[in-house]
Amino acid sequence: MGIKLVLTALPVAVLLEGVRRKLMARFQGRKGPPVIQPFYDLIKLFNKERTEASESRNLIFYAAPVISLAIMIFNYLILFGVLGFNYDFVLFIYLFTTAGVILIIGSLSSKSPLSFVGGVREILYLIAYEVIFIFTALNLISKSGELMLSNYNNAGLFIAPVSSVLLLIAGFAILKVTPFDSPAASAEISSSMTAEYSGKLLFAYELADFFKNGLFYFTAAILLFGRNTYSLIFIPALLLFYALMNATTPRYSFIRSTSHLLFIALLSIISGGLGV
Amino acid sequence: MHNLKFPIGPQHPGVKEPIYLKVFAEGDTVTKAEFRGGYVHRGMEKLMEGQETITAMHSAEKICGICSYAHNSCLTNAIEGILRINPSLSVKMTRNVIGELERIHSHLMWLGFLFHDAGFDTLFMYYWREREKVLELFEKITGQRVHHAINFIGTTKINISESDKLWINKTLRGIKEKVNDYYKDLINNSVIKERFSGVGFISKDYASLYNTVGPTARASGIQWDTRLTGYSGFNELSFEAITSRDCDVYARTIVRIKEITESINIIEQALEKITKPAPAWKETWIKRGEGYARVEAPRGELFYYISVKKNHLLRVKVKTPTFNNFPVLLKILEGEKLSNIPLIVASIDPCISCMERLLLVKDGRSNILSKHEFLRRYCGHGH
């Protein structure tokens, strides 16, 4: 059963990106690409030639996207219980963060100034949104009395509403949605972190990114609305919410967005302490 | 993040034409910016030398793809100045309609780029949709979307009929309504206000010291518009130069949006003054003469100096608005944040292919070279 779920969830994670693009296009009054466009993109990237600067050629640079992709798939395997052991919030957050950090290390090792600025921006964002993630999780654990994520079955939005809303705001930074998308700002730093990657490495990078976004949607739906079939309905709702926000807001400047995110992290610590 | 050297361009999503900005930064703050151009130099001035006046008018259009008509009209005005030809009011107004439509299309395109740089792609799409309507108008009136080639010496190739007038007015009313709607959204959007306000500050003193022109100067409180000199019948139309005292990116945005509305008003007045069809073209001959003209292109004052002998151009010198606006850019980038660079670069509306001229000064003698000559002499390329 579990393996079937994973084999469904992985393509769905990529498909969600296609739906997001379609929604964005509709908000902008365009027809938009077909929903399966991300698959076409990935196939094309996979067949593309790989070129990189001689300064970028090092083991970390090559290994980072592949390791990140492997960790992401591993994360899906344990989320849907394929590996056959119960796991807690801590393991989940650890794996989720590690995949992101490895991508940052990969981009920093490329020695490109664009990647460097993007990596530094992503690190600062990571510090902020991980705090929100952890304190929301702690709040939900203490409220539901359940340490294991695999046994967690509560609607977080009702038992800890403030923390849940803060988690949704952290989602902007995780999914790189405006106004909190400085690390992926194409006009400023030409999408920076992927600047030096091409071909199959970029394929692995993009796929890991799609899986990461998908995992956030799945996890947010489980945390906020409970682990049941009905919470699946909320995944499109989350998608619609983020696409709408992306379509209607410009980007904050990097300093301003980081200070906002750190303030929200502070709020999440307070709300976690108060248990709301 | 100390002493970071940050390259912007020649290929970069933040700059729409190939320029190379080498930015030195301390942390997230820019300490110095250096500019290197020459990527789209095509030797247009040299190309026009030796051409017949009427051919050169078409060549001038090819200097720019956005303000092509401004170049054409400026050269036409210079040639007509030498010949002392004063076209009829209907001809002048037909030219003004095309010129102002071009200003609307240029500003709408610029607004799209600015919001794309600010991460607001929805407004980018919305503004470009309105721009498309202007391009359709161009196609209907002149037969071309970008290079219109409507001018002859003393007359125009096209006539704007009564049905065209109705259609133009109807389309422009639609655009005005939409632009006003977006303007309301813009001034109510706190994120845009926060992002644009106080960024890229060009004080009035700096603006005049660096000789900025056009909307960039007007947004810094300098009340100057070349149209106020009354060339090409602008003295018969009532309009005002839109200015602002805020001096930042937000002010430049607001000035350009208001200029769109003002241009629509000008077109409505100009259409009423077109009463007679354009006269037929009579061949002209210039034995020897020198002339100049200046017009208000979408980005500011455009200047042409020409020297003519036996109806062929001996020398052409073009001074485009971006040439005036660019030096101040490198100055105002100092002390700004890295994330504001695309906004500031976009805010002066640089048109690089307009600007790129090459003047070699060697031993006190200046030399204008075509692209091929330059490559042959200095880059070791053969023909």
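For every chain, the first residue of its written sequence is number 1, and the numbers climb from 1 along that sequence. Here chains are named by letter from A upward and ligands by number from 1 upward, in the order in which they appear as written. For a predicted model such as this one, the threshold for reporting local features is a pLDDT of at least 70, and the threshold for listing and counting side-chain atom pairs is 80 or more; totals across whole chains, interfaces and linings nevertheless cover every residue. Values reported for side chains reflect all heavy atoms of the structure, with hydrogen atoms and water molecules removed beforehand.

Thoughts on the interface of chain B and chain A
Right, on to step 1. The criterion used for residue contact is that any of the two residues' heavy atoms lie within 4.5 Å. With 29 residues of chain B at the contact, the number on the chain A side is 27 residues.
Right, on to step 2. Together, the buried faces of chain B and chain A total about 2300 Å²; carbon and sulfur atoms form 62% of this surface.
Right, on to step 3. The salt bridge definition used is simple: a Lys or Arg side-chain nitrogen within 4 Å of an Asp or Glu carboxyl oxygen. The salt bridge involving Glu194(B) is made with Arg256(A); its shortest N-O contact spans 2.8 Å.
Right, on to step 4. Any pair of nitrogen or oxygen atoms within 3.5 Å is treated as a polar contact; in protein, a donor-acceptor pairing is required on top of that, and neighbouring residues in sequence qualify only through side-chain atoms on both sides. Here chain B is connected to chain A by seven residue pairs in polar contact (both at pLDDT 80 or more).
Right, on to step 5. Broken down by secondary-structure element, the contributors of at least two residues to the side of chain B that touches chain A are β1 (4-8), α4 (89-117), α5 (121-142) and α7 (190-196) of chain B.
Right, on to step 6. Helix and strand definitions here come from DSSP, where helices need a minimum of 4 consecutive H or I residues and strands a minimum of 2 consecutive E residues; each element is numbered from the N-terminal end. Element by element, the count of residues in the side of chain B that touches chain A is highest for α5(B), at five residues. Take the accessible area each of two parts loses on contact, using a 1.4 Å probe, and add the two losses: that sum is the buried area.

Concerning the sheet that holds strand β7 (residues 300-309) of chain B
All names here are of chain B.
Right, on to step 1. Whether two strands pair depends on DSSP finding at least two bridges between them. Ordered in space as β6-β7-β8, the three strands form an open sheet in which the pairing is antiparallel. Since the sheet does not close on itself, it has two edges, and those belong to β6 (288-297) and β8 (312-319), each with one partner. In this sheet, adjacent strand axes meet at a mean angle of 15° when their direction is disregarded.
Right, on to step 2. Pairing between β7 and β8: seven bridges, direction antiparallel. Counterpart to Val308 in the pairing with β8 is Leu313. Under this scheme, a helix contributes an axis fitted over its contacting stretch, all axes are lines through C-alpha atoms, and angles between N-to-C directions fall in the 0 to 180 degree range.

Observations concerning the environment of Glu17(A)
Right, on to step 1. Relative to the helices and strands, Glu17(A) resides in helix α1 (residues 2-27).
Right, on to step 2. Note: C-alpha distance between Glu17(A) and Leu138(A) (121 residues apart in sequence) is 29 Å.

Section: the side chain of Ser268(A)
Residues and elements named next belong to chain A.
Right, on to step 1. Checked against the element boundaries, Ser268 lands in helix α11 (residues 254-274).
Right, on to step 2. The buried label applies to any residue whose accessible area, calculated with a 1.4 Å probe on protein chains only, is under 20% of its type's maximum; exposed applies above 50%, and partly exposed to all values in between. We classify Ser268 as buried; its relative accessible area is 1%.
Right, on to step 3. Here Ala265 takes part through its backbone oxygen, which lies 2.7 Å from a polar atom of the side chain of Ser268.
Right, on to step 4. Excluding residues within four positions of it along the chain, Ser268 makes contact with Val131, Ile132, Phe135 and Leu166.

What to know about the sheet that holds β1(B)
Residues and elements named next belong to chain B.
Right, on to step 1. Strand order in the open sheet made by the three strands is β1-β2-β3, with antiparallel pairing throughout. Two strands bound the open sheet, and with one partner strand each, they are β1 and β3 (29-36). Each adjacent strand pair in this sheet contributes to an overall mean axis angle of 25°, direction not counted.
Right, on to step 2. As judged from the seven bridges shared by strand β2 (residues 20-26) and β3, these two strands associate in the antiparallel manner. Within the sheet, the bridge partner assigned to Glu26 lies in β3 and is Thr29.

Observations regarding the pattern of salt bridges
Right, on to step 1. The full count for this structure, using the stated rule, is 27 salt bridges over all chains.
Right, on to step 2. Glu17(A) is the salt-bridge partner of Arg21(A), the closest N and O atoms lying 3.2 Å from each other. Separated by four residues within a single helix, Arg21(A) and Glu17(A) lie in helix α1, roughly one turn from each other.
Right, on to step 3. Taking the relative accessible area as the measure of exposure, Glu17(A) reaches 11% and is therefore buried.
Right, on to step 4. Here Glu100(B) and Arg227(B) are joined by a salt bridge, their closest N and O atoms 3.0 Å apart. Here the residue Glu100(B) occupies a position in helix α4, and Arg227(B) occupies one in the loop between α9 (214-218) and α10 (249-273), the gap between them amounting to 127 residues.
Right, on to step 5. When its relative accessible area of 1% is taken as the criterion, Glu100(B) is described as buried.
Right, on to step 6. Taking relative accessible area as the criterion, Arg227(B) reaches 3% and is therefore assigned buried.

Comments concerning the packing of aromatic side chains
Right, on to step 1. Only the six-membered ring of Trp is used, alongside the rings of Phe and Tyr, when aromatic pairs are assigned; centres must lie within 6.5 Å, and planes under 30 degrees apart are stacked while those over 60 apart are edge-to-face, with the rest tilted. Per the stated rule, a full pass over the model turns up 30 aromatic pairs over all chains.
Right, on to step 2. Geometrically, the ring pair formed by Phe180(A) and Tyr252(A) is tilted, given 5.8 Å between the ring centres and 50° between the ring planes. With Phe180(A) in the loop between α7 (161-175) and α8 (186-189) and Tyr252(A) in the loop between α10 (234-248) and α11, this pair connects stretches of sequence that are 72 residues apart.
Right, on to step 3. Given a relative accessible area of 13%, Tyr252(A) falls into the buried group.
Right, on to step 4. For the ring pair Tyr292(B) and Phe303(B), a centre distance of 5.8 Å and an interplane angle of 25° mean the geometry is stacked. Residue Tyr292(B) is found in strand β6, and its partner Phe303(B) is found in strand β7; the two are separated by eleven residues along the sequence.
Right, on to step 5. What makes Tyr292(B) exposed here is its relative accessible area of 57%.
Right, on to step 6. An aromatic cluster is present here, built from Phe172(A), Phe180(A), Phe216(A), Tyr217(A), Phe241(A), Tyr242(A) and Tyr252(A) joined pairwise through their rings.
Right, on to step 7. Against the face of Trp128(B) rests Arg131(B), its NZ or CZ located 4.8 Å from the ring centre.
Right, on to step 8. Directly above the ring of Trp110(B) sits Arg256(B), whose terminal nitrogen or CZ lies 4.2 Å from the centroid. Here, over-ring charges are defined by two tests on the NZ atom of lysine or the CZ atom of arginine: distance to the ring centre within 6 Å, and angle to the ring normal within 35 degrees.

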